[in-house]
Amino acid sequence: EVKLVESGGGLVQPGGSLRLSCTASGFTFRSADMSWLRQAPGKGPEWVSAINQEGDKTYYPDSVKGRFTISRDNAKSTLYLQMDSLKSEDTAVYHCAAGDPTENLGNRDLWGPGTQVTVSS
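Residues numbered from 1 in each chain as written. Predicted model: local features only at pLDDT ≥ 70, side-chain atom pairs only at ≥ 80, totals over all residues. Heavy atoms only, no water.

Draft legend 1. Expanded view of the nonpolar core. By size, the foremost hydrophobic cluster in this structure holds 26 residues, and its most contacted members are M34, W36, F68, L79, L81, M83 and Y94. Sorting the residues of this core by element identifies strand 3 (18-25), strand 4 (34-39), strand 5 (46-51), strand 7 (68-73), strand 8 (78-83), strand 9 (92-98) and strand 10 (115-119) as the ones contributing at least two each. (Core = buried A, V, L, I, M, F, W, Y, C linked by side-chain atoms within 4.5 Å. Buried < 20%, exposed > 50% of the residue type's maximum accessible area, 1.4 Å probe, protein only. Helix = DSSP H or I, 4+ residues; strand = E, 2+ residues; numbered from the N terminus.)

Draft legend 2. Focus on the sheet that holds strand 7. If you walk across this open sheet you meet the four strands as 1-3-8-7, and the pairing is antiparallel. Each end of this open sheet is capped by a strand with a single partner; those strands are strand 1 (3-7) and strand 7. Strand-to-strand twist in this sheet, taken as the mean axis angle between neighbours without regard to direction, amounts to 15°. Bridge count between strand 3 and strand 8: six bridges; the pairing is antiparallel. Counted as the bridge partner of S21 is Y80 from strand 8. (Pairing = 2+ DSSP bridges. Axes fitted to C-alpha atoms, helices over the stretch in contact; angles between N-to-C directions.)

Draft legend 3. Molecular detail of the state of the cysteines. Under the criterion given, the structure shown has one disulfide. Shown here is the disulfide that connects C22 with C96, its sulfur atoms set 2.2 Å apart. Negative torsions about the S-S bond denote left-handed disulfides, and the value of about -75° found for C22 with C96 makes this one left-handed. Remark: C96 occurs in strand 9 and C22 occurs in strand 3; sequence separation between them is 74 residues. In terms of burial, C22 and C96 fall into one category: buried. (Disulfide = S-S within 2.5 Å.)

Draft legend 4. Expanded view of the sheet that holds strand 6 (residues 58-59). As summarised here, the arrangement of the six strands in space is 2-10-9-4-5-6, forming an open sheet in which the pairing is mixed. In this open sheet, the two strands that pair with only one neighbour each are strand 2 (10-12) and strand 6. By the bridge criterion, three bridges tie strand 2 to strand 10 in an arrangement that is parallel. By the bridge assignment, L11 is partnered in strand 10 with T118.

These figures come from the coordinates and say nothing about function on their own.
This is the structure:
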């Protein structure tokens, strides 16, 4: 089964940065599109980035475009999310997920357990 473990979350001040990592196992990572999703308190899940198998195509919603960068290392079966210029509205649990958001937003079986990101002064 899909196993994803996120790390790197924490408490940061507005304007700060964090780098999230996601280690994958239980499937062929190099053959899978991957995504980062987040869920803020009282809200539904929201996709924040997606990347294709080879890592040469990336996607972001306007809310994070220019601030977040998704990348992957297929040799290490690891997905990354570099988050810069963080805002309070970025506060959420961030989940690594297998597939693209059309596949994984509604299927929590494809998510990792998540790592908490709190942006607050």
